[in-house]
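So you can see what is in the structure, the chains are spelled out below.
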Amino acid sequence: SPIFRLKSAMEDYDPQAMNEQVLCCKCGVSITPNAVFMCTNCLQSEHDIGAGVAKQVQQNTCRGCGRFERRDASWAEVEPESKELLALLLRKPRGLASVRLVDASFIWTEPHSRRIKLKVTIQKEVAAAAVLQQEFIITFVLSNKQCTTCQRREAKDTWVALVQVRQKVPHKR
């Protein structure tokens, strides 16, 4: 049957052994053969690998001591534009765990703008042996929130106590 012959011909096809060019199945541009027979422009237009990643994220900072809030609600004291701050910020956006992070770097912003911008490069495999790479910018909007240490320092004459009350009664409940 003709279908069987076509399948066996595709099994014998080795793109590295033959130095051939094929046409992209979407736009018709001449490309070296790959698993999906599409050029990179058509692959990128069909698959948006950065769609699930949040592009704008709110980041809380303490105005009193300048610490940054982590995802687990603890606070970290980090220097501006340091590796520690970069690691802390890259844990925050939703959807970044589903792709492979290739590169991340800070983009300079005005200090009074209350924004931190990161240029992020990600990769994801969209089809068999077809890996796409995409660059985009994630903006972190800084908002003020007092850390627990500064809250205790500001609120004078407060107590934190745990009281256990027991009562002896003649009946059982």
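The coordinates are above.
Residues numbered from 1 in each chain as written. Predicted model: local features only at pLDDT ≥ 70, side-chain atom pairs only at ≥ 80, totals over all residues. Heavy atoms only, no water.

Asker: Any details on the environment of Asp103? Residues and values, ideally.
Answerer: Residue position: Asp103 is located in strand β6 (residues 100-107). Each C-alpha atom, one on Asp103 and one on Gln123, is 9.7 Å from the other, the two residues being 20 residues apart in sequence. Those residues within four positions of Asp103 in sequence are excluded, and the remaining contacts are Lys119, Val120 and Thr121. (Helix = DSSP H or I, 4+ residues; strand = E, 2+ residues; numbered from the N terminus. Contact = heavy atoms within 4.5 Å.)

Asker: I'd love a proper account of the pattern of salt bridges, names of residues and values included.
Answerer: A side chain of one charge can pair with a side chain of the opposite charge if their charged atoms are brought near each other. Taken as a whole and assessed by the stated rule, the structure comprises three salt bridges. The partner of Glu135 in a salt bridge is Lys119, with the nearest N and O atoms 3.8 Å apart. Placement of Glu135 in strand β8 (residues 130-144) and of Lys119 in strand β7 (residues 115-127) is noted, with a sequence separation of 16 residues between them. (Salt bridge = Lys/Arg side-chain N within 4 Å of Asp/Glu carboxyl O.)

Asker: Let's hear about the packing of aromatic side chains: which residues, and what values?
Answerer: Under the definition given, this model contains zero aromatic pairs. The positively charged end of Lys55 is found above the aromatic ring belonging to Phe136, 4.4 Å away from the centroid. (Phe/Tyr/Trp six-rings, centres within 6.5 Å; stacked < 30°, edge-to-face > 60°. Lys NZ or Arg CZ within 6 Å of the ring centre and 35° of its normal.)

Asker: Mind laying out the pairing of β8, listing which residues take part and the relevant values?
Answerer: Note that strand β3 (residues 56-61) and β8 share six bridges and pair parallel. Residue Gln58 lies in a different strand from β8, and its bridge partner there is Val141. Pairing geometry for β7 and β8, over 12 bridges, is antiparallel. Bridging from a neighbouring strand, Glu125 pairs with Val131 of β8. Connecting the antiparallel pair β7 and β8 is a turn made up of two residues, with Ala129 showing a positive phi of about 60 degrees. (Pairing = 2+ DSSP bridges.)

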